[in-house]
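Listed here are the chains, written in short residue letters.
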Amino acid sequence: MLNIRPIPAFDDNYIWLLQNGGQSQVCVVDPGDETPVLELLQQEGLELTAILLTHKHWDHTGGVGDLLKQWPQAAVYGPANEPIDSLTIKVRGGDMVKPPGLQTEFEVMDVPGH
């Protein structure tokens, strides 16, 4: 079963943690700030295996670089049409994504705008 948990970030935002059951491998969505992610993963002994980015804005991508310093093997998925240097897997609408460490597959939806 996929568990989805919010990680509060900044004053008004969330980073989402995706985890299957009690497994230690996790994925985060839009980590604009690395600090709350690092703290939670280290506190719970979790391994970051993937990062999903929805778009290029700093409040969604700002923490990626520092997270990759800790977990350089983590795959970084994001929109192929956005200038995001850290992407390792570029996706487009209709693509299917199965992040490492999760037993869940997602379909990418191309939703222009913010």
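Keep in mind that this is a model prediction, so the values were computed, not measured. (Residues numbered from 1 in each chain as written. Predicted model: local features only at pLDDT ≥ 70, side-chain atom pairs only at ≥ 80, totals over all residues. Heavy atoms only, no water.)

Enquirer: I'm lost on the layout of surface pockets in this one. Help?
Expert: It is a probe the size of a water molecule, rolled over the atoms, that shows where empty space is left. Space inside the largest pocket adds up to approximately 760 Å³. Lining the largest pocket are 24 residues, with Leu53, Thr54, Val108, Met109 and Asp110 positioned closest to its centre. Listed by contribution, the elements that provide at least two residues to the lining of the largest pocket are strand E5 (75-79) and strand E8 (106-107). (1 Å grid on protein atoms, 1.4 Å probe; cavity = no way out; pocket = protein on both sides within 12 Å on 5 of 7 lines; lining within 4 Å. Points joined across faces, edges and corners; volume = space filled by probe spheres on them. Helix = DSSP H or I, 4+ residues; strand = E, 2+ residues; numbered from the N terminus.)

Enquirer: Teacher, can you tell me more about the sheet that holds strand E1 (residues 2-9) here?
Expert: Pairing between the strands of a sheet is mediated by backbone hydrogen bonds and can be parallel or antiparallel. Pairing is mixed across the open sheet formed by six strands, whose spatial order is E1-E2-E3-E4-E5-E6. For this open sheet the edge positions go to E1 and strand E6 (89-91), each flanked by a neighbour on one side alone. Averaged over neighbouring strand pairs, the angle between their axes works out to 25° when direction is ignored. Taken strand by strand, helix H1 (residues 34-44) contacts E1, strand E2 (13-20), strand E3 (25-29) and strand E4 (47-52), and its axis lies near 130° from that of E1. (Pairing = 2+ DSSP bridges. Axes fitted to C-alpha atoms, helices over the stretch in contact; angles between N-to-C directions. Contact = heavy atoms within 4.5 Å.)

Enquirer: Explanation requested: the packing of aromatic side chains in the structure shown.
Expert: Following the criterion strictly, the structure yields two aromatic pairs and no others. Judged by centre distance (5.3 Å) and plane angle (75°), the ring pair of phenylalanine 10 and tryptophan 58 falls under edge-to-face. Within this pair, whereas phenylalanine 10 is found in the loop between E1 and E2, its partner tryptophan 58 is found in helix H2 (residues 58-61), the two being separated by 48 residues in sequence. Under the relative-accessibility criterion, phenylalanine 10 is labelled partly exposed at 36%. (Phe/Tyr/Trp six-rings, centres within 6.5 Å; stacked < 30°, edge-to-face > 60°. Buried < 20%, exposed > 50% of the residue type's maximum accessible area, 1.4 Å probe, protein only.)

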